[in-house]
Amino acid sequence: DLFGSVEPLLPSLREDGVDVWVLGAGPYPPGVVALQELLDAASEELEPEDVWEPQDMNDTCLYIFTSGTTGLPKAARVSHLKSIMCLSFYELVGASSRDVVYLALPLYHMAGSLLGIVGCIGIGERGRGPGRGGPGMFRGLIPPLLRPPGATCVLKEKFSASQFWDDCRAEGVTVFQYIGELCRYLVNQPQRPGERQHGLRLAVGSGLRPDVWRSFQQRFGPVRIVETYGMSEGNVTLFNYTG
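Residues numbered from 1 in each chain as written. Predicted model: local features only at pLDDT ≥ 70, side-chain atom pairs only at ≥ 80, totals over all residues. Heavy atoms only, no water.

Under the annotation held in an unreviewed UniProt entry, the protein chain carries the name Long-chain-fatty-acid--CoA ligase and is attributed to Mystacornis crossleyi. The UniProt entry for the protein chain carries the following text under Sequence similarities (unreviewed entry): "Belongs to the ATP-dependent AMP-binding enzyme family." (UniProt positions renumbered as here; feature names shortened; annotations may be inferred.)

Draft legend 1. Highlighting the overall build of the protein chain. What the protein chain contains, in helices and strands, is 10 helices and 10 strands. The proportion of buried residues among the 243 residues of the protein chain is 38%. Sequence-distant contacts, at least 24 apart, represent 63% of the contacts inside the protein chain between residues at least 6 apart. Of the accessible surface of the protein chain, which amounts to about 14900 Å², a share of 56% is contributed by carbon and sulfur atoms. (Helix = DSSP H or I, 4+ residues; strand = E, 2+ residues; numbered from the N terminus. Buried < 20%, exposed > 50% of the residue type's maximum accessible area, 1.4 Å probe, protein only. Contact = heavy atoms within 4.5 Å. Areas by Shrake-Rupley, 256 points an atom, 1.4 Å probe, with all protein chains shown as cover.)

Draft legend 2. Structural context of the pattern of salt bridges. Taken as a whole and judged by the stated rule, the model has seven salt bridges. For the salt bridge of D99 with R201, the shortest nitrogen-to-oxygen distance reads 2.7 Å. Highlighted residues: D99 in the loop between α6 (89-92) and β5 (100-103) and R201 in the loop between α9 (180-187) and β8 (202-206), separated in sequence by 102 residues. The partner of R184 in a salt bridge is E181, with the nearest N and O atoms 2.4 Å apart. You can see R184 and its partner E181 sitting in helix α9, three residues apart, about one turn around the helix. (Salt bridge = Lys/Arg side-chain N within 4 Å of Asp/Glu carboxyl O.)

Next comes the structure, spelled out in structure tokens:
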């Protein structure tokens, strides 16, 4: 969807030695790497560890462009270690492999991709929230055959406040990852019958205002809310376990 915005810049990107990779149906101009074709042609057999294992866990794993709170969007370096630590995100807030996680956040930001998708992959058999043992921060370093089973993730292409509760009932959603505005959109929706008839037990995210927090629980039931704070380019994350 974004390639049309990049295509006029291709000549200058080539001059600067920048490779452009695109995931999706082509065709694409010469010099553009079509990832879908490479994925379709790739073997399902895992390459030897010395091919993909990083030499240093502090080396760069990927770059994520921030939302530009302090200016224009900029590329934040994310190390292999930080990516692996995101495996424990949902376990830290008490989710388990029995949960169904609803995710409508953009996957080009850290909240949706690393905390959301990678966090679902890292969920263990029972889940371990606060007070239930160590968080297992380096779970991603154990051998593949011993890794936890993960949890179901429901990906919504675009958040819809009017469809949210219907989605939750249809998909059996138990966990919702938000940014603060999403909860405000839900609270501002006209009241509908059956708003408390759902299986949602946990909402976790960032930027939820206290008044919206109270209104959300009063209207939709005793959903446990865990507010977090972190930055793509930061190295500290805060969790509000007590609410």
